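Below, each chain spelled out in residue letters.
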Amino acid sequence: MNESTDAVRIDNLTKTFHIGFFRRKVQALRGVSFHVNKGEIFGLLGPNGAGKTTTLKIMMGHIFPDSGTVQLLGKDGGTPASRKRIGYLPENAYFHEYLTPEELLKFYGELYGMARSDIRRRADELIHKVGLAEAARRPLRKFSKGMLQRIGLAQALLPDPDLLVLDEPMSGLDPIGRRFVADLISDLHKEGKTILFSSHILSDVERLCGRVVMLNRGIRVHEGSLAELLQGDDRTTRTLEEVFVQKAMEKA
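Residues numbered from 1 in each chain as written. Predicted model: local features only at pLDDT ≥ 70, side-chain atom pairs only at ≥ 80, totals over all residues. Heavy atoms only, no water.

Things to note about the pattern of salt bridges
Scanning the entire structure with this criterion turns up 16 salt bridges. As a salt-bridge pair, D6 and R9 come within 2.8 Å of each other at their nearest N and O atoms. Using a relative accessible area of 3% as the deciding quantity, one classes D6 as buried. When its relative accessible area of 26% is taken as the criterion, R9 is described as partly exposed. Notably, a salt bridge pairs D162 with R85, separated by 2.9 Å at the nearest N-O pair. (Salt bridge = Lys/Arg side-chain N within 4 Å of Asp/Glu carboxyl O. Buried < 20%, exposed > 50% of the residue type's maximum accessible area, 1.4 Å probe, protein only.)

Below you can see the structure in the form of structure tokens.
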């Protein structure tokens, strides 16, 4: 891998699950490959069930592929060495509801092995960054969906990672919450972070991403520049929804 340009390199990932009493086989990933350049916002795009979350879980070492390889910032994916420089927010993050934001970040900071002085400094900085200063001592059980997503982002940013991996970060949020998270992602990109996020919300992808990979039923149907993708052969501009439907039908 070319460590000078690649933050993520996924090569030929396959994954099959066995579901139910009769162990029915479901192919979640079928030879998926793509790469993410350092310093870009990259979209992992597809409908529900396309294989997006499976891909991210393999990247983080939560599950293992049947075959294929993952490289993250020059390290083998899923290893402690690769995770040190990565911030991760799963789609359905669970946080102990009796904790406050301050207590939650202190807990995660200790898991990261950070010094107490660094935890206090980063926690205070991030609570303000995600707009939760007035709720810093409020238990999480009193938080809205959008507020929980913000503290989840603060948790992912706590170790000041080089690569941020977000699974459906704007799913289920109201328009104001989606706008806040989108603006935060844009600001982090300006700070030099590499950001990989999955989504089935096409408008968010169009607004933020320079390049995307499209998955459908576990198959990569396209990878490339979003600007070129939206430019039709006849030089007319297409919507991302139109492009996705076309690419999915081509691979059907």
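Right, picking up where we left off after that structure.
With respect to unusual backbone geometry
With phi around 55°, N12 is a residue other than glycine that occupies positive phi space. One can find N12 in strand β1 (residues 6-19). Positive phi, normally seen in glycine, also occurs at R217, with a value near 55°. Among the structural elements, R217 can be located in the loop between β9 (211-216) and β10 (219-225). (Helix = DSSP H or I, 4+ residues; strand = E, 2+ residues; numbered from the N terminus.)

Focus on the environment of A136
Inspection of the secondary structure assignment puts A136 in the loop between α4 (116-129) and α5 (145-157). Overall, the relative accessible area of 9% leaves A136 in the buried class. Each C-alpha atom of the pair A136 and D174 lies 22 Å from the other, and the pair is 38 residues apart in sequence. Apart from residues no more than four positions distant in its own chain, A136 is found in contact with T100, P101, E102 and I127. (Contact = heavy atoms within 4.5 Å.)

Quick notes on the sheet that holds strand β6 (residues 86-89)
Strand order in this open sheet of six strands is β6-β7-β8-β3-β9-β10, and the pairing throughout is mixed. Looking at which strands have only one partner, the edges of the open sheet turn out to be β6 and β10. On average, each strand axis in the sheet is inclined to that of its neighbour by 15°, with strand direction left out of account. The pairing of β9 with β10 spans six bridges and is classified as antiparallel. Residue pairing across strands places N216 opposite I219, the latter belonging to β10. Running over the sheet, α5 touches β6 and β7 (163-167) and is turned about 160° from β6. On top of the sheet, helix α6 (residues 175-190) reaches β3 (41-45), β7 and β8 (194-199); it is set at about 155° to β8, its chief contact. (Pairing = 2+ DSSP bridges. Axes fitted to C-alpha atoms, helices over the stretch in contact; angles between N-to-C directions.)

Describing the pairing of strand β4 (residues 67-72)
By the bridge criterion, five bridges tie β1 to β4 in an arrangement that is antiparallel. Looking across to β4, one finds that V8 is bridged to L72. As consecutive antiparallel partners, β4 and strand β5 (residues 75-76) are separated by two residues, and within that stretch L73 has a phi angle of approximately 50°, a positive value.

Notes on the sheet that holds β1
Read across the sheet, four strands follow the order β2-β1-β4-β5 without closing on themselves; strand pairing throughout is antiparallel. Two strands close off the open sheet at either side, each with one partner strand: β2 (24-37) and β5. Bridging between β4 and β5 involves two bridges; their strand directions are antiparallel. The residue bridging L72 from the neighbouring strand is K75, located in β5.

Things to note about the layout of surface pockets
Its volume calculated, the largest pocket comes out at about 350 Å³. Lining the largest pocket we find 17 residues, and of these R83, I86, Y88, Y112 and Q155 sit closest to its centre. For the lining of the largest pocket, the secondary-structure elements that each account for two or more residues are β6 and α3 (101-112). The class makeup of the residues in the lining of the largest pocket is twelve nonpolar, three polar and two charged. Computed from the structure, the second largest pocket encloses a volume of approximately 220 Å³. At the level of secondary structure, the elements contributing two or more residues to the lining of the second largest pocket comprise α3 and α4. It is α4 that provides the largest number of residues to the lining of the second largest pocket, a total of seven residues. (1 Å grid on protein atoms, 1.4 Å probe; cavity = no way out; pocket = protein on both sides within 12 Å on 5 of 7 lines; lining within 4 Å. Points joined across faces, edges and corners; volume = space filled by probe spheres on them. Nonpolar A, V, L, I, M, F, W, Y, C, P; charged D, E, K, R; others polar.)

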